[in-house]
Amino acid sequence: MERANIRYFTSNFSEFGFISHLPVLAAACMISGTDPVLELGAGFASSYALHGICSVTKRKIVTLESDKVWLSRFSLYQRPWHQFKYVTDFIDLPEYKEKWGMAFVDHGILGQRGLALAAVKDIPIIVAHDTCHEELNYTNKGVPQVLDSFKYRWDYKWQGPQTSVFSNSIDVTKLFRGLEL
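Now for a look at the structure at hand. Just so it is clear, the structure is predicted and the values come from calculations on it, not from any experiment.

**Some thoughts on the side chain of T163**
Alright, step 1. Note that T163 resides in strand β7 (residues 163–167).
Alright, step 2. On the basis of relative accessibility, which here comes to 0%, the residue T163 falls in the buried class.
Alright, step 3. Non-local contacts of T163, meaning those with residues more than four positions away in its chain, are made with S20, H21, V24, V127, A128, H129, T131, W154, D155 and Y156.

This is the structure:
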């Protein structure tokens, strides 16, 4: 029975394409150490997964969201170690200057994704969702070819949008190789 359920889930994964980043995000969070986690954009898959993983050790996580209505859906998960904050945009945020162990970029201001990714470039492990979509502006004006600007990059694509892991300090190509299907 368990095998059939797994087969059903994987064969029908296109229905769940919006969570295609989950295996990579969970792995990145678990292996990225104990430093805080920065989440740029709240989501039913990412925020709940990060919340669950970080709850084990009460690891600090800060989720930034630019849509007040969307953000209100996560208010029950606010904890001393998990903060949800409203931001008007993802440009030049004070949080970018703090020390983080991992960042996740998947916010809803599509034209600012490239700028956000460039702003967190010094965080050891960065996961970005939907890196296959040009309209998300990962190649922003002023941030040319941000996807190719990192020393290390590993792309993951199963049956949904591509998710990429970036780092300028850790060889993520070796670290994440075991997740390939």
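**Quick look at the packing of aromatic side chains**
Alright, step 1. One pass over the full model with this rule turns up 10 aromatic pairs.
Alright, step 2. Where Y48 meets Y77, the ring centres are 4.9 Å apart and the plane angle is 45°; that geometry is what we call tilted. Linking Y48 in helix α3 (residues 46–55) with Y77 in the loop between α4 (68–72) and β3 (82–86), this pair joins segments that are 29 residues apart in sequence.
Alright, step 3. On the accessibility criterion, Y48 (31% relative accessible area) is partly exposed.
Alright, step 4. Look at Y77 and you get partly exposed, because its relative accessible area is 31%.
Alright, step 5. Taken together, a centroid distance of 6.0 Å and an interplanar angle of 15° make the contact between F74 and F84 stacked. Placement of the pair is F74 in the loop between α4 and β3 and F84 in strand β3, with a sequence separation of 10 residues.

**With respect to unusual backbone geometry**
Alright, step 1. The backbone of K58 shows a phi angle near 60°, a positive value even though the residue is not glycine.
Alright, step 2. Note on placement: K58 falls in the loop between α3 and β2 (61–65).
Alright, step 3. Phi at D130 takes a positive value of approximately 65°, unusual for a residue other than glycine.
Alright, step 4. Here D130 shows up in the loop between β5 (125–129) and β6 (152–156).

**Some remarks on the nonpolar core**
Alright, step 1. Ranked by size, the top nonpolar core spans 21 residues in total, and within it L38, L40, L117, V120 and I126 carry the most contacts.
Alright, step 2. Listing elements by their share of this core, those giving two or more residues are β1 (37–40), β2, β4 (102–105), α5 (113–119) and β5.
Alright, step 3. When neighbours within four sequence positions are excluded, L38 is seen to be in contact with V62, L64, E95, Y96, W100, M102, A103, F104 and V120.
Alright, step 4. In terms of nonpolar packing, the next biggest core, distinct from the first, is built from 19 residues, C29, W81, M102 and V165 among them.

What counts, and where the lines are drawn
Residues numbered from 1 in each chain as written. Predicted model: local features only at pLDDT ≥ 70, side-chain atom pairs only at ≥ 80, totals over all residues. Heavy atoms only, no water. Helix = DSSP H or I, 4+ residues; strand = E, 2+ residues; numbered from the N terminus. Buried < 20%, exposed > 50% of the residue type's maximum accessible area, 1.4 Å probe, protein only. Contact = heavy atoms within 4.5 Å. Phe/Tyr/Trp six-rings, centres within 6.5 Å; stacked < 30°, edge-to-face > 60°. Core = buried A, V, L, I, M, F, W, Y, C linked by side-chain atoms within 4.5 Å.

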